[in-house]
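# Fold and geometry: a report
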Amino acid sequence: MTDATVSPVGLMTSDGVPLKQSLARAERRSRIRAMMLVAPLFLFIMITFIVPIIDMLLRSVDNPRFQEVLPETAQVLMEWEGGGLPPESIYAVMAAEMKAAMKDRSLGRLTSRLNFEDPGMRTLMFKTARRLNRVDEGPWKEAMIKIDDEWGDPQVWALMKRTAPAYTTIHYLNAFDLTVSPEGEIVAQPEELQIYGLLFWRTIWMSLLITGLCALLGFPIAYLLATLPTKTSNLLMILVLLPFWTSLLVRTTTWIVLLQTEGVINDILVWATILNDDERIQMIYNQTGTIVAMTHILLPFMVLPLYSVMKTIDPSYMRAARSLGATQVTAFRRIYFPNTIPGLGAGGILVFILAIGYYITPALVGGRTGQLISNFIAFHMQESLNWGLGAALGAILLAGVLAMYWLYNKLIGVDNMKFG
Amino acid sequence: MSLPPYASPLERAWYYSFRTACALIFLFLISPILVIIPLSFNAEPYFTFTEGMIALDAEAYSIRWYQDIVGNEQWIHSMENSIIVGIASTILATVLGTTAALGLSRPNMPYKGLAMGVLISPMIVPLIITAAGMFFFYSKVGLAQTYLGLILAHTALGTPFVVITVTATLTGFDQSLIRASQSLGATPTRTFFKVIMPLILPGVISGALFAFVTSFDEVVVVLFLAGFEQRTIPRQMWAGIREQISPTILAVATVLITISIMLLTTVELLRRRSDRLRGIKS
């Protein structure tokens, strides 16, 4: 059809428009119509969901405090080339602005930001601003150093210069257990502050373990469901779907009831005299609790895709392998198992994506050692109020999840996702 | 897969141990739910079976925790909130999601992959990121701690389920049915209600149920976005589990399990009907 010689040049519609042109117009119209149908939801998701998330993630590089509270100081500090002590002019600008900031009570907003960098800064700033009120004229450099000789320390000025710009990478550095030394170099955090590397590592290995456990437990029952007669398998399917449909909090609560030291499982063990009353096992409020509860909650996400793949494997493959002399084990290993890989992959990625961003279950049953990355994001958002760091951790988590989602989409396709 | 009569002893042993393993896994899946229902009738404020309960003594059972829910203003209020937010967001999500699914299923929808990716994203993004993002943004525009904000948030979270289930029902939908209807003189509206709607209805309803369950079960966004006035059932349970753990929680859990059994039955029946309508044998 692309060849000009065979294109239906001569054909016209009844209105005298060439057929090709008319067809193109009709197709364009139906494309627009399809887009118009999608547009309302697309806009809705953009406004209520995507924009808020982007807005939140920008906080990980956003650094507005300095420029809000001491705008001119920020400006002159950014122009100053750094190294050693700044000239008198910068001291003067800063002293004037600090007095003003003290008066309209905006100084606190900046000091809490500076305190994330160096815990002594709040005290230093307030002390300086208070005393400056009694100083009416320069030289400001001498006056400020007299108030506190920290102002004669080049490292403090390096810190001030570093925090002046409107954007910062410090939160990302912190999220990777790095920091900026007083000399302005990127160095590892002191040992006792290195928690995020460990936390990412823990989140990943726990998610992998949970995915592995789900595969291990899900495979046999998916196989059973796929090979039993439909009537029986439909009945057993309810046992998979019922937990899937039950409220997440309900399932987490039930695991607390079952696993706690005064709970049902410990009671049974004591009653069966496997344990003495004083030897009850601590199974919840630690990693074990998180792993057991999350495996239970995520297991249906593994069973359902596995089942739908296994259902399509023709049983005659296995019979053919057997009749050609393969043992049961060989036939399973060489014929059946390779055919289940798509289901295993789909379920595995799905469980991993869900596990890596899980919040509720670790928060309720994780104790101190079972917390995942999501719990720290919540902590920084709600309690420590270090929003920048929370947003940086969130951006890293989101990047990981989106990469997994991309992989899932590439391998399986979202359109093939099914529930129940 | 029943055991053939010529099976060797080894195969026999494998067969029975496999069955036992499966039974244990099913027990793992279902036992929490089976344990919690009798415990919610415990007469004592403990989270474990008392001797009287094991001896099936009627005295050891009571419905006091259920009376607790009915008598507690906070539980009633949060139940109302859950239902209001759930129903409002379900209606919004179903209308928006079904329309979008209709567009996505048209053969000449451009940028289909990209659009699908964006529309599905609320299901993929970890809830804590969604919640934090909405918290800051909705606070800025004055929607935090309002019913409207919560409803919009839950609508966003519920739409992917509607889009997915309705798109699934539309696969294999014969587009020529639409042309047939239009050539017989039906307006697009009439075509939609008389031809398309009856065929996709099972998908729409199960999508709506998924959206409702998502909202009804959601707690992370509620934690960030809702004020005291907008407390929902999951929020109330969260507080209960964290602060003042009492068997009332188990009674609420049992009520929720009953609701989910009813919803599950509905979805299952709808799925079968949809398969039958589209000529797929289950």
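If you're wondering where the values come from, they're calculated on a predicted model, not measured in any experiment.

## Structural notes on the overall build of chain A
Tallying secondary structure elements over chain A gives 19 helices and two strands in all. Its C-alpha atoms give chain A a radius of gyration of 32 Å, more than 25% over the compact-globule value 22 Å for 420 residues. Each principal axis of the C-alpha atoms in chain A carries an extent, and together these give about 100 × 95 × 40 Å. When each of the 420 residues of chain A is scored for burial, the buried share is 47%. Taking contacts inside chain A between residues at least 6 apart in sequence as the whole, the part at least 24 apart equals 66%. Just so you have it, chain A exposes about 20,800 Å², and 62% of that area is on carbon and sulfur atoms.

## With respect to the interface of chain B and chain A
Many authors give the size of an interface as the accessible area that is lost as the parts come together. The partner chain A presents 84 residues to the 84 residues of chain B that form the contact. Taking both sides of the interface into account, the surface hidden between chain B and chain A amounts to around 7,900 Å²; carbon and sulfur atoms contribute 82%. Considering only the surface of chain B that becomes buried against chain A, B:Phe26, B:Leu29 and B:Phe136 emerge as the three largest contributors, covering 9% of it. Taken together, the connections running from chain B to chain A amount to two salt bridges. Applying the counting rule to chain B against chain A returns seven residue pairs in polar contact (both at pLDDT 80 or more). Within the side of chain B that touches chain A, the residues separate by chemical class into 62 nonpolar, 13 polar and nine charged.

## Digging into the domain arrangement of chain A
Domain parsing of chain A yields domain 1 (4–59), domain 2 (65–193) and domain 3 (196–416). The distance between the C-alpha centroids of domain 1 of chain A and domain 2 of chain A comes to 54 Å.

## Comments concerning empty space enclosed by the protein
This model, assessed by the stated rule, comprises two cavities of 30 Å³ or more. Each pocket or cavity is described by its volume, and for the largest cavity that value is around 120 Å³. Forming the walls of the largest cavity are A:Trp245, A:Thr246, A:Ser247, B:Val213, B:Phe216, B:Asp217, B:Pro234, B:Leu256, B:Ile259, B:Ser260 and B:Leu263. Those elements that provide at least two residues to the lining of the largest cavity are α9 (188–217) and α12 (248–277) of chain B. In terms of residue count, α12(B) provides more of the lining of the largest cavity than any other element does, four residues in total. For the lining of the largest cavity, the class distribution of residues is seven nonpolar, three polar and one charged.

## Side note on the packing of helix α12 (residues 248–259) of chain A against helix α1 (residues 9–39) of chain B
Viewed as axis vectors pointing N to C, α12(A) and α1(B) meet at an angle of 80°, and their least axial separation amounts to 9 Å. In terms of orientation, α12(A) and α1(B) fall into the roughly perpendicular class. Facing α12(A), whose interface residues are A:Val250, A:Thr254, A:Trp255, A:Val257 and A:Leu258, α1(B) presents B:Phe28, B:Pro32, B:Val35, B:Ile36 and B:Leu39. In the contact of α12(A) with α1(B), the residues fall into nine nonpolar, one polar and no charged.

## Brief notes about the pattern of salt bridges
Summed over all chains, the structure comprises seven salt bridges over all chains. Note that A:Asp55 is salt-bridged to B:Lys140, the shortest N-O span being 3.0 Å. In this pair, A:Asp55 sits in helix α1 (residues 19–58) while B:Lys140 sits in helix α6 (residues 127–140), so the two residues belong to two different chains. For B:Lys140, a relative accessible area of 54% gives the class exposed. Residue A:Arg65 pairs with A:Glu68 through a salt bridge whose shortest N-O separation is 3.3 Å. In this pair, A:Arg65 and A:Glu68 both sit in helix α2 (residues 65–69), three residues apart, roughly one turn of the helix. A relative accessible area of 27% places A:Arg65 in the partly exposed class. For A:Glu68, a relative accessible area of 42% translates into the label partly exposed. Sharing partners across several salt bridges, the network here consists of A:Arg65, A:Glu68 and A:Arg109.

Thresholds, definitions, all that
- Per chain, the residues get numbers from 1 upward, laid out in the order the sequence is written.
- Whichever chain is written first becomes A and whichever ligand is written first becomes 1, with later ones labelled in order.
- Only residues with pLDDT of at least 70 get local features here, since the model is predicted, and only at 80 or more are side-chain atom pairs given and counted; chain-wide, interface and lining totals rely on the full set of residues.
- Note that the side-chain values use all heavy atoms of the structure and ignore hydrogens as well as water.
- In this text, helices come from DSSP runs of H or I with a minimum length of four residues, and strands from runs of E with a minimum of two, each type numbered from the N-terminal end.
- The globule rule used for comparison is 2.2 Å times the number of residues to the exponent 0.38, while the radius of gyration itself is calculated over C-alpha atoms.
- Relative accessibility under 20% of the residue-type maximum defines a buried residue, over 50% an exposed one, and the middle range a partly exposed one, all with a 1.4 Å probe and only protein chains included.
- Residue contacts are counted whenever heavy atoms from the two residues lie within 4.5 Å of one another.
- To be clear on the numbers: accessible area is Shrake-Rupley with a 1.4 Å probe, and residue cover counts the displayed protein chains and nothing else.
- Once two parts are joined, some of their accessible surface, as seen by a 1.4 Å probe, is lost; buried area is that loss totalled over both.
- The working definition used for a salt bridge is a side-chain nitrogen of Lys or Arg within 4 Å of a carboxyl oxygen of Asp or Glu.
- Here a polar contact is recorded for every N or O atom pair within 3.5 Å, except that within protein the pair must consist of a potential hydrogen donor and a potential acceptor, and residues adjacent in sequence are included only if both atoms are side-chain atoms.
- Gly falls in the polar group here, along with every residue not listed as nonpolar (Ala, Val, Leu, Ile, Met, Phe, Trp, Tyr, Cys, Pro) or charged (Asp, Glu, Lys, Arg).
- All domain edges in this entry derive from an automatic or database-based domain assignment.
- Using a grid of 1 Å spacing that covers the protein atoms alone, one calls a set of points a cavity when a 1.4 Å probe fits there but cannot get out, and a pocket when the set is open and has protein on both sides within 12 Å along at least five of seven lines; lining residues are those with an atom within 4 Å of a point.
- Grid points are joined across faces, edges and corners, and a volume is the space filled by probe spheres set on the points.
- Whenever a helix is involved, its axis is fitted only over the stretch in contact; in every case the axis is a line through C-alpha atoms, and angles between N-to-C directions fall within 0 to 180 degrees.
- Angle categories: roughly parallel below 35 degrees, roughly antiparallel above 145, roughly perpendicular from 65 to 115, and oblique for all the rest.

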